[in-house]
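# Structural overview for review
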Amino acid sequence: MLALWSLMVLVPLAWTVMSSFKTSTEIFASPFSLPEHWSFTNYVSAWSTAGIGSYFLNTVIVVGCALVIVMVLGAMCAYVLARYVFPGSRAIYYLMLAGLTFPIFLAVVPLFFILKNIGLLNTLPGLIIVYVAFALPFTVFFLFSFFKALPNEIAEAAQIDGAGEWRTFFQVMLPMAKPGMASVAIFNFLGLWNQYLIPVAINTTEKNWVLSQGIVAFANNMGYAVNFGSLFAAAVIVVLPVLVAYVFFQRQLQGSVSAGTLK
């Protein structure tokens, strides 16, 4: 079953990469054969002519900034909710959990008017704020169990040595939750990188488009004369960062999920 599932995933991916080096004529004439000439013409066309390069840069800026912000805020929030008892702490935690169940499409219209009123509609900072807001509940939920399971004796020893609350968190407790941080960072990266509905609704200025918007516009603008080679190349450009991130961090992902389950 695992071998069959691997084939179902790898074969379409390999076919997409192979087709990205073909012309449209070659793809229709023999879709499963190797390209006659291996060249990066389609990638150059997709990157420059279709503007995928600028969309890629916008996506890196938005996802990178949102990921850093949500990881810092999410870790701090999860740490406080897991380690401190104060009036309303459980209510805040359950409100975070409720955020996981809130459908994105129900928030599109309110988000549009909120960002418009504060002057951040169709801007990258506005998109970053929205990404952070929607990724924060999952981050807090995932990291809560990691911070909850950390021994109190370590925090007490740090305080006895003269460390304040901020230093105890950033230099002692946060490094101990590194497996959970790595895991939730990967999940957030995958979710934010592939986001489509939110950018379409609140980021309609073409110069600020992200990759998901750019590749759809690239396909639609071709009309009936679709350059499938360039389109496959654009798809590979979109998928490649996600694939590379997973390959490099799969051990941390598997280890952190196992650790979270045991905790």
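Since we're looking at a predicted model, the values are computed, not measured.

## Topic: the overall build of the chain
- Looking only at helices and strands, the chain has 13 helices and 0 strands in total.
- Starting at the N terminus, the α and β elements of the chain follow one another as α-α-α-α-α-α-α-α-α-α-α-α-α.
- Overall, the chain is about 70 × 50 × 30 Å in size when its C-alpha atoms are taken along their principal axes.
- Taking as baseline every contact in the chain between residues at least 6 positions apart, the subset at least 24 positions apart corresponds to 73%.
- Within the structure as shown, the chain displays about 14,900 Å² of accessible surface, and the carbon and sulfur contribution to it stands at 72%.
- Treating the 10 positive side-chain charges of the chain as one cloud and the 7 negative ones as another, the clouds have centres 5 Å apart.

## Overview of helix α1 (residues 2–19)
- The terminal C-alpha atoms of α1 lie 26 Å apart, and with 18 residues this matches the ideal 26 Å at 1.5 Å per residue to within 8%.
- For α1, the full list of buried residues reads Thr16, Met18 and Ser19.

## Here's the deal with the nonpolar core
- Counting residues in each nonpolar core, the largest one holds 67 residues, and the members touching the most others are Ile52, Phe147 and Ile202.
- Looking at this core element by element, the count peaks at 14 residues for helix α7 (residues 124–149).
- For Phe147, the contacting residues outside a window of four places in its chain are Ala75, Ala78, Tyr79, Ala82, Arg83, Phe169, Met173, Leu174 and Ala177.

## Digging into the packing of helix α5 (residues 89–100) against α7
- At their nearest, the axes of α5 and α7 sit 8 Å apart, and the two run at 120 degrees to each other. The pairing of α5 with α7 is recorded here as oblique in orientation. The handedness of the crossing between α5 and α7 comes out as left-handed. Contacts from Arg90, Tyr93, Met96, Leu97, Gly99 and Leu100 in α5 reach Leu136, Pro137, Phe138, Val140, Phe141 and Phe144 in α7.
- Partitioning the contact of α5 with α7 into residue classes produces 10 nonpolar, 1 polar and 1 charged.

## Quick notes on the packing of helix α4 (residues 52–83) against α7
- Two elements in contact, α4 and α7, have axes whose closest approach is 6 Å; the angle formed by their N-to-C orientations is 35 degrees. Once α4 is placed against α7, the crossing between them reads as right-handed.
- Partitioned by chemical class, the residues of the contact of α4 with α7 number 25 nonpolar, 3 polar and 2 charged.

## Quick word on the environment of Ile52
- Inspection of the secondary structure assignment puts Ile52 in helix α4.
- Residues Ile52 and Leu10, spaced 42 residues apart in sequence, show a C-alpha to C-alpha distance of 24 Å.
- Discounting residues that sit within four places of it in the chain, Ile52 has contacts with Ala46, Trp47, Leu211, Gly214, Ile215, Ala234 and Ile237.

## What to know about the layout of surface pockets
- Taken as a whole, the largest pocket encloses approximately 410 Å³ of empty space.
- Around the largest pocket, the lining is made up of 17 residues, and of these Ile104, Ala133, Phe134, Ala135 and Pro137 lie nearest the centre.
- Ranked by the residues each element gives to the lining of the largest pocket, the list is headed by α7, at 6 residues.
- Here the residues of the lining of the largest pocket are counted per class, giving 13 nonpolar, 4 polar and no charged.

## Some points on unusual backbone geometry
- A positive phi angle, near 60 degrees, is found at Asn122, a position not held by glycine.
- Topologically, Asn122 is positioned in the loop between α6 (104–117) and α7.

## Description of a nonpolar patch on the surface
- Together, Val239, Leu240, Leu243, Val244, Tyr246, Val247, Phe248 and Phe249 make up an exposed nonpolar region whose accessible area comes to about 720 Å².
- The residue Leu243 is located in helix α13 (residues 228–262) in this model.

## Structural notes on the packing of aromatic side chains
- Going through the model one piece at a time under the given rule, you end up with 24 aromatic pairs.
- Judged by centre distance (5.8 Å) and plane angle (55 degrees), the rings of Phe40 and Tyr43 are tilted.
- Given the relative accessible area of 56%, Phe40 is considered exposed.
- Ring geometry for Tyr55 versus Trp209: centroids 5.9 Å apart, planes at 45 degrees, classification tilted.

## Here's the deal with the side chain of Ser89
- By the element assignment, Ser89 lies in helix α5.
- If we ignore the near neighbours within four places in the chain, the residues touching Ser89 are Leu81 and Tyr84.

## Things to note about the environment of Ala245
- Structurally, Ala245 can be placed in helix α13.
- Taking C-alpha positions, Ala245 is 27 Å from Thr101, a pair spaced 144 residues apart along the chain.

About the cut-offs
- The written sequence of each chain sets the order in which its residues are numbered from 1.
- Given that the model is predicted, a residue must reach a pLDDT of at least 70 before its local features are reported, and side-chain atom pairs must reach 80 or more before they are shown or counted; all residues, however, enter totals for whole chains, interfaces and linings.
- Hydrogens are left out, water is left out, and the side-chain values use all remaining heavy atoms of the structure.
- Helix and strand assignments follow DSSP, with helices taken as H or I runs no shorter than four residues and strands as E runs no shorter than two, numbered in order from the N terminus.
- Contacts are assigned to residue pairs with any non-hydrogen atoms lying within 4.5 Å of each other.
- Note that accessible areas follow from Shrake-Rupley with a 1.4 Å probe, and for residues the cover is restricted to the protein chains shown.
- Counted as positive: Lys and Arg. Counted as negative: Asp and Glu. His and the chain ends are not counted at all.
- In this description, the location of a charge corresponds to atom NZ of lysine, CZ of arginine, CG of aspartate or CD of glutamate.
- Every helix has an expected span of 1.5 Å times one less than the residues it contains.
- In this scheme, a residue with accessible area under 20% of its type's maximum is buried, one over 50% is exposed, and one in between is partly exposed, where area comes from a 1.4 Å probe on protein chains only.
- Nonpolar cores are built from buried Ala, Val, Leu, Ile, Met, Phe, Trp, Tyr and Cys residues. Side-chain atoms within 4.5 Å join them into one set.
- All axes here are fitted lines through C-alpha atoms, helices being fitted over the stretch that makes contact, and every angle between N-to-C directions spans 0 to 180 degrees.
- Angles are sorted into four bins: roughly parallel if under 35 degrees, roughly antiparallel if over 145, roughly perpendicular if 65 to 115, and oblique for all others.
- By definition, any crossing whose near helix is turned counterclockwise from its far helix by less than a right angle is left-handed, and any crossing with a clockwise turn is right-handed.
- Residues are grouped as follows: nonpolar covers Ala, Val, Leu, Ile, Met, Phe, Trp, Tyr, Cys and Pro; charged covers Asp, Glu, Lys and Arg; every other residue, Gly included, is treated as polar.
- In this analysis the probe radius is 1.4 Å and the grid spacing 1 Å, with only protein atoms considered; a cavity is a set of points the probe fits into but cannot get out of, a pocket is an open set with protein on both sides within 12 Å along at least five of seven lines, and lining residues have an atom within 4 Å of a point.
- Grid points are joined across faces, edges and corners, and a volume is the space filled by probe spheres set on the points.
- Every patch collects residues that have over 30% relative accessible area and no salt bridge, joining them within 9 Å if they carry like charges and within 5 Å if they are nonpolar side chains (Val, Leu, Ile, Met, Phe, Trp, Tyr).
- Between Lys or Arg on one side and Asp or Glu on the other, a salt bridge is scored when a side-chain nitrogen of the former is within 4 Å of a carboxyl oxygen of the latter.
- Whether two aromatic rings pair depends on their centres lying within 6.5 Å, for rings of Phe, Tyr and Trp, where Trp uses its six-membered ring; planes under 30 degrees apart make the pair stacked, over 60 edge-to-face, and the rest tilted.

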